[in-house]
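These are the residues of each chain, in order.
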Amino acid sequence: MKNVSIEPHFASTCPALRIGVVEARVVNSESNPELWRLIDNEVSHIAATYKLDEINKRPAIQATRKAYRAFGKDPNRYRVSSEALCRRIVKGMGIYRIDTLVDLGNLISIRAGYSIGAFDADHIDGDQLTLGVGRDGELFHGIGRGVLNIEGLPVYRDRTGGIGTPTSDEERTKITLDTRNLLLLVNAYGEEMPLDETLAYTTELLRQFVSATNITTTIIPASQFAEPQ
């Protein structure tokens, strides 16, 4: 079990944040055709529902963008992952096929509006993760992006360093076909799809498509870490 905490200043700046935590034993695979039928349905729904300039008005995306600005980061230059996915859809570019676990996380993200961090728990250094703000010069290799400037971005850190932001996760802890122990974080800076429903939907997908066992879920509110008033 991983313990997730939030730095007090961060929690006070984003008091509405709630983090959905899912851990499970999984069996990953190449892209799953049945999963992609669900993804294609959701892609069609988003393409029919939103214009390009409306995506950043989705409540969950708008709230995450507000958090970026609170820490001095431009959300138009460093886009929230859920926003970036939905923009690709509305532009007619579709979304990438990676593997079943990553594709599953993308489905949850575009449906619920939240950025999703999905990590190979066996590559996380230690049992403690702490959410804070990226620092100047802090080294972070975004998946498929090279070195990413995470100064001012929300970032989860283990003992070695950053592993995930709402813009990109880190190469060191990324999901692969060999992943057997999953840690998935749902970053709800403002609620859109109710978070308990999002976790239930996530659990259902994990059982159906990656034979998940030993599933645990919890919701961590920022309010329990905020600085005293």
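Data block above holds the structure.
Along every chain, residues carry numbers that run from 1 in the direction the sequence is written. Restriction of local features to residues with pLDDT of at least 70 applies here, the model being predicted, together with a cutoff of 80 or more for giving and counting side-chain atom pairs; totals for whole chains, interfaces and linings are based on all residues. Water and hydrogen atoms play no part in the side-chain values, which are based on all heavy atoms of the structure.

## Description of the sheet that holds strand 2 (residues 18–25)
This is how the line gets drawn: At least two bridges found by DSSP between two strands are what make those strands a pair. Comment: elements are numbered from the N terminus, with helices defined as DSSP H or I runs of at least four residues and strands as E runs of at least two. In this analysis an axis means a line fitted to C-alpha atoms, helices contributing only their contacting stretch, and an angle means the value between N-to-C directions, from 0 to 180 degrees. In this analysis, two residues are considered to be in contact whenever any of their non-hydrogen atoms come within 4.5 Å of each other.
Strand order in this open sheet of 4 strands is 3-9-2-10, and the pairing throughout is antiparallel. Sheet topology places strand 3 (115–120) and strand 10 (213–221) at the edges, where each strand pairs with a single neighbour. Between one strand axis and the next, the sheet turns by 15° as a mean value, whatever way the strands run. Pairing of strand 2 with strand 9 (residues 181–188), which is carried by 8 bridges, proceeds in the antiparallel orientation. Bridge pairing in strand 9 links glutamate 23 to leucine 183. Contacting strand 2, strand 9 and strand 10, helix 6 (residues 195–210) crosses the sheet at an angle of about 160° to strand 10.

## Observations regarding the environment of arginine 18
To be explicit about the condition: Working definition: with a 1.4 Å probe on protein chains only, accessible area under 20% of the residue-type maximum means buried, over 50% means exposed, and in between means partly exposed. Counted as a polar contact is a pair of N or O atoms within 3.5 Å, where, for protein atoms, one must be capable of donating a hydrogen and the other of accepting one, and residues adjacent in sequence contribute only when both atoms are in side chains.
As for its placement among the helices and strands, arginine 18 is situated in strand 2. Residue classification places arginine 18 among the partly exposed residues on the basis of a relative accessible area of 29%. In contact with arginine 18, other than residues within four places in its own chain, are Val186, Asn187, Ala188, Glu191, Leu195, Ile219, Ile220 and Pro221. At 2.6 Å, the side chain of arginine 18 forms a polar contact with the side chain of glutamate 191.

## Topic: the pattern of salt bridges
Opposite charge on two side chains permits pairing when their charged atoms draw close. Where we set the bar: For this document, the term salt bridge refers to a Lys or Arg side-chain nitrogen within 4 Å of an Asp or Glu carboxyl oxygen.
Tallied over the entire structure, the rule returns 11 salt bridges. Note that aspartate 127 is salt-bridged to lysine 2, the shortest N-O span being 3.4 Å. Here the residue aspartate 127 occupies a position in the loop between strand 3 and strand 4 (128–133), and lysine 2 occupies one in the segment before strand 1 (3–6), the gap between them amounting to 125 residues. In this structure, the salt-bridge partner of arginine 157 is glutamate 7, at a minimum N-O distance of 3.8 Å. One end of the pair, arginine 157, is in strand 7 (residues 154–157); the other, glutamate 7, is in the loop between strand 1 and helix 1 (8–13), and 150 residues separate them in sequence. For arginine 157, a relative accessible area of 10% corresponds to the buried category. In this structure glutamate 7 comes out as partly exposed when scored by relative accessible area, which is 32%.

Purely geometric numbers; function is a separate question.
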